[in-house]
Amino acid sequence: MIGIYFSGTGNTRHCIEKFTKAYDPEAIVYSIEDIRLPELIRSETEIVFGYPTQYSSMPKILRDFMIQNQELWQGKKVFILTTMRMFSGDGAGVLARLLETFGAAVIGGLHLKMPDSISDEKVLKTTLEKNRQLVTESEEKIKKAVQKLQMGKPPQEGLGAFSHLAGLFGQRLYFYNKTKRYTDKLTIHSKKCIGCGKCVKLCPMKNIVMENGIAKSGDQCTMCYRCINHCPKQAITLLGHRVYEQGWIEKYLQK
């Protein structure tokens with residue numbers, strides 16, 4: 001077994017590491033950004049896939065990866081886990097349906113509530129203790145899900161017809177264009193930018209470049225919020241106009 005994930009601020013990476021290690025201590029997890037991954041997938045039959053949901057859908061970067069490597073999924077057995085802050089009816093289902101068209105067998109799904117990564121929307125912010133509680137609760141849920149999988153009764157969250165309708169009418173129908181294409185809405189506030197280049201190194205899409213000592217964004221943002229949550233001067237926004245609180249998984253792990 002191997003674990004495969006896409007993660008913005010580390011929530012999904014943390015969850016899939018916990019899941020795969022509980023199921024198989026020898027398992028290794030890989031980001032879809034790892035150039036070795038296609039070859040690694042060819043030699044595996046069991047895969048755990050993890051990603052953060054966006055508007056009850058998957059990030060555009062992940063959809064592109066799946067389609068570009070569609071020949072790899074034939075005959076694979078896949079368990080899907082997705083992370084989210086609020087509700088996602090079929091967060092796991094959107095990838096499951098795509099995988100099944102490529103010949104994979106999806107054996108289970110798991111939805112995990114984790115701290116929100118959208119740092120420029122005040123309404124989504126909560127306390128440090130609440131976020132730590134979310135992580136702890138998700139870790140416990142992961143343990144139970146692994147036990148069920150080992151007993152041959154994996155959880156099926158997000159995979160049924162009812163879940164499909166809940167995801168469709170809950171969010172995806174109204175925000176379909178948000179994840180259909182990459183966005184050009186990432187804003188780098190030049191007066192705050194100090195030209196450290198951290199965002200350039202972090203961006204999975206190579207969507208940020210340095211020009212005359214200042215970071216500049218393009219039109220290929222996949223909304224992972226990695227750069228926004230790690231900018232030392234809080235100089236980057238996407239959905240909102242200012243950063244209220246930056247977050248990443250290490251901040252919420254119990255000491």
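Thresholds applied
- Residues numbered from 1 in each chain as written.
- Predicted model: local features only at pLDDT ≥ 70, side-chain atom pairs only at ≥ 80, totals over all residues.
- Heavy atoms only, no water.
- Phe/Tyr/Trp six-rings, centres within 6.5 Å; stacked < 30°, edge-to-face > 60°.
- Helix = DSSP H or I, 4+ residues; strand = E, 2+ residues; numbered from the N terminus.
- Buried < 20%, exposed > 50% of the residue type's maximum accessible area, 1.4 Å probe, protein only.
- Lys NZ or Arg CZ within 6 Å of the ring centre and 35° of its normal.
- Domains from an automatic or database assignment.
- Contact = heavy atoms within 4.5 Å.
- Buried area = accessible area lost by both parts, 1.4 Å probe.
- Salt bridge = Lys/Arg side-chain N within 4 Å of Asp/Glu carboxyl O.
- Core = buried A, V, L, I, M, F, W, Y, C linked by side-chain atoms within 4.5 Å.

Per an unreviewed UniProt entry, the chain goes by Ferredoxin II and derives from Robinsoniella peoriensis.

K.L.:
Which residues make up the packing of aromatic side chains, and what values go with them?
P.N.:
On inspection of all chains with the given rule, the structure shows 3 aromatic pairs. Aromatic pair F19 and F79: ring centres 4.8 Å apart, planes at 25°, arrangement stacked. One end of the pair, F19, is in helix α1 (residues 11-23); the other, F79, is in strand β4 (residues 77-84), with 60 residues separating them in the sequence. Both residues of the pair, F19 and F79, count as buried. Taken together through their ring pairs, the aromatic side chains of F49, F65 and W73 make up a single cluster. Geometry around W248 places K251 over its ring, the cationic atom sitting 5.7 Å from the centre.

K.L.:
Provide a residue-level description of the domain arrangement of the chain, including the pertinent values.
P.N.:
Often, the extent of an interface is quoted as the loss of accessible area upon association of its parts. Assigned domains of the chain: these are domain 1 (2-174) and domain 2 (187-253). For domain 1 versus domain 2, the distance between C-alpha centres works out to 24 Å. At the interface, 29 residues of domain 1 touch 26 residues of domain 2. Across the domain 1/domain 2 interface, buried area totals approximately 2,200 Å², and carbon plus sulfur atoms make up 55% of it. Of all residues in domain 1, the largest losses of buried area upon contact with domain 2 belong to T9, S119 and D120, amounting jointly to 28% of the total for that side. For the pair domain 1 and domain 2, the interface holds 2 salt bridges. With its nearest N and O atoms 2.9 Å apart, the salt bridge here joins E33 to R226.

K.L.:
How would you sum up the nonpolar core? Please name residues and give values.
P.N.:
Side chains of a nonpolar character, in soluble globular proteins, are inclined to be buried together. Within the largest apolar cluster, 49 residues are counted, with the highest numbers of intra-cluster contacts made by F49, W73 and I80. Contributions of two or more residues to this core are made by β1 (2-5), α2 (37-42), β3 (46-52), α3 (60-68), β4, α4 (91-101) and α9 (226-230). Split by domain, this core shows at least three residues from each of two domains, domain 1 (2-174) and domain 2 (187-253). In contact with W73, other than residues within four places in its own chain, are I4, I41, I47, F49, F65, M66, L99, F102, G103 and A104. Among the nonpolar cores identified, the runner-up in size contains 19 residues, and I16, F19, L112 and Y252 belong to it.

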